[in-house]
Amino acid sequence: MTEDGHRYRGGVPSPFDLSLDELAGLLDGEPSFRARQVWDGLHRRGLRPEEMTDLPLGLRERLAEALPPGLTAVACRSSDEGSTQKWLWRLADGSQVESVLMRYEDRVTVCVSSQAGCAMGCTFCATGQGGFERHLTTGEIVEQVVRARRAAAPDRLTNVVFMGMGEPLANYDRVWSAVRRIHDELGLSARRLTLSTVGVVPGIDRLATEDLPVTLAVSLHAANDTLRDQLVPLNRRYPLAELAAACRRYVAASGRRLSLEWALIDGVNDRPSDAAELAAFARPLRAHVNLIPLNPTPGYPVRGTPRARVGAFRRHLEHAGVAVTVRDTRGNDIDAACGQLAARAADGTTTSGRRHLGRVTMRHAARPGRP
Ligand code: SAH
Ligand code: SF4
């Protein structure tokens with residue numbers, strides 16, 4: 001039984017929630033090397049039990065029965081060129097979350113969810129408007145990466161960003177075990193793993209003590225407390241001065257450059273004074289700023305900053321000595337359900353980051369993970 005009171009086959013919602021020992025327990029009576037073989041089949045090769053042809057047929061069938069269900073693709077959308085794929089997953093208890101795979105010239109990135117819903121209540125965010133359902137388990141997070149990695153083949157998945165649904169630092173332990181597993185078992189380097197936070201200060205401080213120097217992205221959106229209190233309610237708990245101090249500590253401890261995310265909202269946070277405040281926040285941290293015009297959502301029908309003024313905002317920051325990337329928002333129209341996943345692809349801090357969302361067609365995926 002989980003903390004949410006749901007009972008799953010195997011006691012956990014995803015096969016990736018089982019430890020190697022627990023897997024060995026399920027394979028009771030089999031030779032001891034089998035657990036490792038199945039573990040590698042799941043993680044390294046992204047196979048379902050019935051596809052593990054190096055196992056005897058009977059064992060495959062037994063495993064398919066015994067393993068928890070994991071993620072079921074309710075829908076999979078892909079761009080015309082197939083360079084972007086977005087999944088809507090149903091979890092074992094019926095909750096739904098999304099992940100997005102994005103292929104660029106120099107990298108392949110998956111954007112994963114860390115919670116079903118989110119309790120942070122940011123006014124402009126579709127996930128925040130829907131409220132909190134539950135934390136994802138470590139296995140459910142790892143499984144999103146494994147499924148995307150398999151879909152990316154023959155290209156190699158290089159980056160993971162926690163910019164899907166949920167606040168990763170509000171689900172710290174499970175997210176961090178997922179980060180470890182993605183690093184240790186899937187072999188992605190820490191600098192290619194990005195945690196995005198709305199500013200959970202104790203989480204940032206904990207992150208600074210970890211031995212894997214992951215990339216940290218802070219969703220800022222406003223650099224004065226009055227405006228940020230409105231857009232990001234968590235700011236009332238951890239105001240900008242505290243957030244800035246935590247950012248400084250993280251940069252000092254990790255040696256990593258920080259990114260600041262800024263959704264440009266028409267007439268709200270895109271004035272010259274906003275750019276000046278952002279520059280003053282970013283410069284001492286030597287942070288890289290990612291700008292993205294807001295993706296309008298049902299609960300906050302304000303439009304994103306029009307293109308011409310995005311350019312002006314960007315130039316203002318550049319003149320102030322701040323490194324900036326503008327993210328494209330062509331995917332807005334395909335993404336009404338979530339309103340943010342496809343709009344956000346920030347993973348590198350220095351690339352020009354052209355996105356490939358384009359027009360996207362819906363197809364129901366009988367065999368999820370296959371382009
Ligand atoms: N909770 C974390 C990570 C998930 S949100 C965080 O807030 O950082 C991922 C990113 O999407 C954040 O930068 C968030 O501000 C942004 N976002 C949310 N709603 C958006 C919208 N409607 N348009 C553009 N970006 C949005
Ligand atoms: Fe949660 Fe991030 Fe959305 Fe805010 S922007 S509600 S923290 S998912």
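Let us look at the structure shown here.

Around ligand 2, 10 residues are found, and the nearest of them are Cys118, Met120, Cys122, Cys125 and Gly128. When the residues that make up the shell around ligand 2 are grouped by side-chain class, the tally is five nonpolar, four polar and one charged.

Our focus in this paragraph is the side chain of Asp17. Along the chain, Asp17 falls in the segment before α1 (20-26). No salt bridge is formed by the buried Asp17; its nearest oppositely charged neighbour, Arg181, is found at 5.7 Å. Side-chain polar atoms of Asp17 contact the backbone nitrogen of Gly139, separated by 2.6 Å. Excluding residues that lie within four positions of it along the chain, Asp17 makes contacts with Val12, Glu22, Thr137, Thr138, Gly139 and Glu140.

Moving on: the nonpolar core. Counting residues in each nonpolar core, the largest one holds 102 residues, and the members touching the most others are Val160 and Leu260. Element by element, the count of residues in this core is highest for helix α5 (residues 138-152), at seven residues. Other than its neighbours up to four places away in sequence, Val160 contacts Val110, Val112, Val145, Ile182, Leu188, Arg192, Leu193 and Thr194. Counting residues in each nonpolar core, the second largest holds seven residues, with Val100, Met102, Tyr104 and Cys111 among its members.

For the rest of this paragraph, the subject is the packing of aromatic side chains. Evaluated as defined, the whole model comprises three aromatic pairs. Summarising the aromatic geometry, the rings of Trp87 and Trp89 are spaced 5.6 Å apart at their centres and angled 10° between planes, so their arrangement reads as stacked. The same class applies to Trp87 as to Trp89, namely buried. Sitting above the plane of the Tyr104 ring, Arg107 keeps its charged end 3.8 Å from the centroid.

Rules behind the numbers
- Along each chain, the written sequence defines residue order, and numbers are assigned to residues from 1.
- Chains carry letters and ligands carry numbers; both start at the beginning, A for chains and 1 for ligands, and go up in the order they are written.
- Only residues with pLDDT of 70 or above have their local features reported here, since the model is predicted, and side-chain atom pairs are shown and tallied only from 80 upward, although totals for entire chains, interfaces and linings are computed over all residues.
- Calculated side-chain values reflect all of the structure's heavy atoms, with hydrogen atoms and water omitted.
- One heavy atom within 4 Å of a molecule or strand is enough for the residue carrying it to be called near that molecule or strand.
- In the scheme used here, Gly and all other residues not listed as nonpolar or charged are polar, with Ala, Val, Leu, Ile, Met, Phe, Trp, Tyr, Cys and Pro taken as nonpolar and Asp, Glu, Lys and Arg as charged.
- Only DSSP runs of H or I reaching four residues or more are called helices, and only runs of E reaching two or more are called strands; each is numbered from the N terminus.
- For every residue, the accessible area (1.4 Å probe, protein chains only) is compared with the maximum for its type, and the residue is labelled buried under 20%, exposed over 50%, or partly exposed between those bounds.
- His is not counted, nor are the chain ends, whereas Lys and Arg count as positive and Asp and Glu as negative.
- We define a salt bridge as a contact between a side-chain nitrogen of Lys or Arg and a carboxyl oxygen of Asp or Glu at a distance within 4 Å.
- Counted as a polar contact is a pair of N or O atoms within 3.5 Å, where, for protein atoms, one must be capable of donating a hydrogen and the other of accepting one, and residues adjacent in sequence contribute only when both atoms are in side chains.
- Residue contacts are defined here by distance: any two heavy atoms, one from each residue, within 4.5 Å place the two residues in contact.
- Nonpolar core, defined: a set of buried Ala, Val, Leu, Ile, Met, Phe, Trp, Tyr and Cys residues in which side-chain atoms within 4.5 Å join the residues together.
- Between the rings of Phe, Tyr and Trp (Trp by its six-membered ring), a pair exists once the centres lie within 6.5 Å; its type follows the angle of the planes, with under 30 degrees stacked, over 60 edge-to-face, and the other angles tilted.
- For a ring to carry a charge above it, either NZ of a lysine or CZ of an arginine must fall within 6 Å of the ring centroid while also lying within 35 degrees of the normal to the ring plane.

Purely spatial values, then, with no claim about function.
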